[in-house]
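Coordinate inspection notes
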Amino acid sequence: MNSMKPKVIITRPESTDGPLSSALRRNSLVPLHAATFAFVPVEDAPTGKEIEDFDWAVWTSANTVDVVKPAPSAATKHVAVGKATASALEKLGITPTLVGCGSSMDIANLIVPQVPAKAKLVYCRSAVADASFPSRLRSAGIDVTERIAYCIGPASSESLLQALEKGAQAIAFASPSAVTGFASIIRHDRELWAQNSGIIIASIGSTTSSALRNHLRSADIVATQPTFPSLAATIARRLEANKRLTPTAQQKET
């Protein structure tokens, strides 16, 4: 039965019941797991207890939340880069004070009017997160402490090459790290990528779309909201539209 459903390659590291995989299946799509990068923990990652020493905590991804595991505290207000990150905080019993639309500069613009000058703020991020974000806050007089929760490492090319060979109709990118990892892998197998150049490239949002333009090509579709359910639904709509157009195209050829 699954063989008749469209296949979508997932480039982020997640389990078979992960958030994007689950969202794709809810839209009658088959996820093919082919992580193009890996999360690598760091020894001096902040602990949940340390976060309580700050007035505000900023979270750039759900994975950062999962690594640090902050605890609810009346003394600390939390900011999430987007809805997926907010959901990760809520699972720990934390309701974020501010939720952005998926980019670090968006939440910077939200934070500056809300956070008093000299407030102590911790910026929990990956090693490759946006470096311009803390500068924007410091220029407004906010005391920013940066803490790295994890690094990004390379992933094996085997799963991606196998997924491409299975004839996927779309490939989903949910972060710039997934894009750069993908570009690095296909650099060593350009022929296989050329054979799959017609695959639909789907982006979760503006930051990922920018990385795609820089490293691969422009996204064919972008999620209406920077969330996994929206990304899955956007892919499903595009594939369904393509399916409806196919018979017409075939009639014109005959």
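Our subject is the structure listed above.
Residues numbered from 1 in each chain as written. Predicted model: local features only at pLDDT ≥ 70, side-chain atom pairs only at ≥ 80, totals over all residues. Heavy atoms only, no water.

Regarding the overall build of the chain
Along the chain, the regular secondary structure elements total eleven helices and eleven strands. Here the C-alpha atoms of the chain give a radius of gyration of 20 Å, agreeing with the 18 Å that 2.2 N^0.38 yields for 254 residues. Principal axes of the C-alpha set define a box for the chain whose edges measure 70 × 35 × 35 Å. Counting the 254 residues in the chain, one finds 45% classified as buried. Across the chain, contacts joining residues at least 24 apart in sequence account for 58% of those joining residues at least 6 apart. (Helix = DSSP H or I, 4+ residues; strand = E, 2+ residues; numbered from the N terminus. Rg over C-alpha atoms; globule rule 2.2 N^0.38 Å. Buried < 20%, exposed > 50% of the residue type's maximum accessible area, 1.4 Å probe, protein only. Contact = heavy atoms within 4.5 Å.)

A few points about the packing of aromatic side chains
Overall, the coordinates contain four aromatic pairs when judged by the stated rule. Ring geometry for F37 against F39: centres 5.3 Å apart, planes inclined by 90 degrees, an arrangement best described as edge-to-face. F37 sits in the buried class, given a relative accessible area of 5%. Given the relative accessible area of 28%, F39 is considered partly exposed. Geometrically, the ring pair formed by F39 and Y150 is edge-to-face, given 5.1 Å between the ring centres and 85 degrees between the ring planes. (Phe/Tyr/Trp six-rings, centres within 6.5 Å; stacked < 30°, edge-to-face > 60°.)

Notes on the layout of surface pockets
Counted as a void, the largest pocket has a volume near 910 Å³. T60, S61, A174, S175 and P176 are the residues nearest the centre of the largest pocket, which is lined by 39 residues in total. Partitioning the lining of the largest pocket into residue classes produces 19 nonpolar, 17 polar and three charged. Of the voids in this model, the second largest pocket is the one considered here, and its volume is about 450 Å³. Taken together, 21 residues line the second largest pocket, and the ones lying closest to its centre are P19, A62, A84, K91 and F228. Every element with two or more residues in the lining of the second largest pocket is listed here: α1 (19-26), α3 (62-68), α4 (83-91) and α11 (228-253). In terms of residues, the lining of the second largest pocket owes the most to one element, α4, which gives five residues. Classifying every residue of the lining of the second largest pocket gives ten nonpolar, four polar and seven charged. (1 Å grid on protein atoms, 1.4 Å probe; cavity = no way out; pocket = protein on both sides within 12 Å on 5 of 7 lines; lining within 4 Å. Points joined across faces, edges and corners; volume = space filled by probe spheres on them. Nonpolar A, V, L, I, M, F, W, Y, C, P; charged D, E, K, R; others polar.)

A few points about the pattern of salt bridges
The tally for this structure, following the rule as stated, stands at seven salt bridges. A salt bridge links E52 to K49, with the nearest nitrogen and oxygen atoms 3.5 Å apart. Owing to a relative accessible area of 27%, E52 belongs among the partly exposed residues under this scheme. A salt bridge links R125 to E146; the nearest nitrogen and oxygen atoms lie 3.0 Å apart. Of the two residues, R125 is situated in strand β7 (residues 120-126) and E146 in strand β8 (residues 143-154); the sequence distance between them amounts to 21 residues. A relative accessible area of 13% means that R125 is categorised as buried. Overlapping salt bridges bring together R125, R138 and E146 as one network. (Salt bridge = Lys/Arg side-chain N within 4 Å of Asp/Glu carboxyl O.)

As for the sheet that holds strand β6 (residues 98-99)
One open sheet accounts for six strands, arranged β3-β8-β7-β4-β5-β6; its pairing is mixed. For this open sheet the edge positions go to β3 (37-41) and β6, each flanked by a neighbour on one side alone. Where strand β5 (residues 77-80) lies against β6, two bridges are found, and the strand directions are parallel. Bridging across to β6, A80 finds its partner in V99. (Pairing = 2+ DSSP bridges.)

Section: the pairing of strand β9 (residues 170-173)
The alternating pattern of β9 places A170 and A172 on one face and I171 and F173 on the opposite face, and all of these are buried. Across three bridges, strand β1 (residues 7-10) lies against β9 in parallel orientation. Bridge pairing in β9 places I10 opposite A172. In terms of strand pairing, β9 meets strand β10 (residues 200-203) through four bridges, oriented parallel. Residue I171 lies in a different strand from β10, and its bridge partner there is I201.

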